[in-house]
Amino acid sequence: FYGAARDHIGITSLYLGRGSDGSVWIASEMKSLARDCPDVEQFKPGHCWRSDTQQYALWYAPTWRSGVLPSTPCDFTKLREAFVKAVSDSASS
């Protein structure tokens, strides 16, 4: 078994190519695969690929990435006041 994983937020690209003979190639640049792999896929951020299952799996699933967005509108005045207070408290300690 072997595997490969892409970083959790997608800063560095990662590609998986399949050769015509069924071989699996993994590279950080697509140009490395283009000549020998008729089928090339890009890893999604935070996913890994396993040779034993031939599948991608999500390896990075933080609790804050629940998909639920806040429904309360942002009060920018309160937000600014909180930032100013935090900076002021930090500077005076």
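Just so it is clear, the model here is predicted, and its values are computed rather than measured. (Residues numbered from 1 in each chain as written. Predicted model: local features only at pLDDT ≥ 70, side-chain atom pairs only at ≥ 80, totals over all residues. Heavy atoms only, no water.)

A. View of the overall build of the protein chain. Counting its secondary structure elements, the protein chain contains two helices and six strands. Ordered by position from N to C terminus, the α and β elements of the protein chain give β-β-β-α-β-β-β-α. Computed over its C-alpha atoms, the radius of gyration of the protein chain comes to 22 Å, more than 25% above the 12 Å expected for a compact globule of 93 residues. When each of the 93 residues of the protein chain is scored for burial, the buried share is 18%. (Helix = DSSP H or I, 4+ residues; strand = E, 2+ residues; numbered from the N terminus. Rg over C-alpha atoms; globule rule 2.2 N^0.38 Å. Buried < 20%, exposed > 50% of the residue type's maximum accessible area, 1.4 Å probe, protein only.)

B. Molecular detail of the sheet that holds strand β4 (residues 39-42). Spatially, the three strands line up as an open sheet ordered β3-β2-β4, and their pairing is antiparallel. What marks the edges here is a single partner per strand, and that holds for β3 (24-27) and β4. The average undirected angle you get between the axes of adjacent strands in this sheet is 20 degrees. Of the pairings in the sheet, the one linking strand β2 (residues 15-18) to β4 comprises four bridges and is antiparallel in character. (Pairing = 2+ DSSP bridges. Axes fitted to C-alpha atoms, helices over the stretch in contact; angles between N-to-C directions.)

C. Looking closely at the packing of aromatic side chains. Tallied over the full model, the rule gives three aromatic pairs. Measuring from ring centre to ring centre gives 5.1 Å for F43 and Y56, while their planes differ by 90 degrees; the resulting arrangement is edge-to-face. Placement of the pair is F43 in the loop between β4 and β5 (47-50) and Y56 in strand β6 (residues 55-58), with a sequence separation of 13 residues. (Phe/Tyr/Trp six-rings, centres within 6.5 Å; stacked < 30°, edge-to-face > 60°.)

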